[in-house]
Amino acid sequence: VFSAAHPRWQFQRGSQPPQSLLTVERQRSGTWQSWRSDNDWQTRLFYQAGQLTAEWQPAANTPPGRYRFRHAGVDAKGQRYQAVTEAFELLPCRE
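Residues numbered from 1 in each chain as written. Predicted model: local features only at pLDDT ≥ 70, side-chain atom pairs only at ≥ 80, totals over all residues. Heavy atoms only, no water.

Chemist: Describe the pairing of strand β3 (residues 31-37), and please don't skip the residues or the numbers.
Modeler: One ladder, built from six bridges, connects strand β2 (residues 22-28) with β3; its direction is antiparallel. Counterpart to Glu25 in the pairing with β3 is Ser34. Two successive antiparallel strands, β2 and β3, enclose a turn made up of two residues, where Ser29 displays a positive phi of approximately 50°. (Pairing = 2+ DSSP bridges. Helix = DSSP H or I, 4+ residues; strand = E, 2+ residues; numbered from the N terminus.)

Chemist: Provide a residue-level description of the packing of aromatic side chains, including the pertinent values.
Modeler: The full count for this structure, using the stated rule, is five aromatic pairs. When the centroid spacing of 6.4 Å and the interplanar angle of 25° are considered together, the rings of Tyr67 and Phe88 count as stacked. Of this pair, Tyr67 sits in strand β6 (residues 65-74) while Phe88 sits in strand β8 (residues 88-90), and the two are 21 residues apart along the sequence. Residue Phe88 is classed as partly exposed on the basis of its relative accessible area of 27%. Chaining the aromatic ring pairs together yields one cluster made of Trp35, Trp56, Tyr67, Phe69 and Phe88. In this arrangement the basic side chain of Arg26 is found over the ring face of Trp35, its NZ or CZ atom lying 5.1 Å from the centre. (Phe/Tyr/Trp six-rings, centres within 6.5 Å; stacked < 30°, edge-to-face > 60°. Buried < 20%, exposed > 50% of the residue type's maximum accessible area, 1.4 Å probe, protein only. Lys NZ or Arg CZ within 6 Å of the ring centre and 35° of its normal.)

Chemist: How would you sum up the pairing of strand β4 (residues 43-48)? Please name residues and give values.
Modeler: Pairing geometry for β4 and strand β5 (residues 51-56), over six bridges, is antiparallel. Along β5, the bridge assignment pairs Tyr47 with Leu52. Connecting β4 to the antiparallel partner β5 that follows it, the hairpin turn spans two residues, and Ala49 within it adopts a positive phi of roughly 50°.

Chemist: Outline the pattern of salt bridges, listing residues and values.
Modeler: In total, this model carries three salt bridges according to the counting rule given. When the shortest N-O distance is used, the salt bridge between Arg68 and Glu25 registers 2.6 Å. With Arg68 in strand β6 and Glu25 in strand β2, this residue pair connects regions lying 43 residues apart in the sequence. Here the two residues Arg68 and Glu25 agree in accessibility, since each one is buried. A salt bridge links Arg70 to Glu25, with the shortest nitrogen-to-oxygen separation between them at 2.7 Å. Of this pair, Arg70 sits in strand β6 while Glu25 sits in strand β2, placing them 45 residues apart in sequence. (Salt bridge = Lys/Arg side-chain N within 4 Å of Asp/Glu carboxyl O.)

Chemist: Account for the environment of Gln48, with residues named and values stated.
Modeler: On the secondary structure map, Gln48 appears in strand β4. Exposure remark for Gln48: the relative accessible area of 63% places this residue in the exposed category. For the pair formed by Gln48 and Ala4, sequence separation is 44 residues and the distance between their alpha carbons is 9.3 Å.

Given below as structure tokens:
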């Protein structure tokens, strides 16, 4: 859950919107790389009263490892902002 401006501000005030509101990043060799975004069927976003809830349903073949969420947005004044969660460990899928 992120404190966030309403997603509609992404396209108003003449600001350049971020490429994605949500990115799931995977840590590989010490660097964070984009893994999934809000364009993927595995992710969902819900906005209510200044809070953006992000959900990710990893596919069964998603590699285990360290992941995190990144939210990028534009506020009512047209200012860009970003927020990043703490990293979390995705364990192998049990069959």
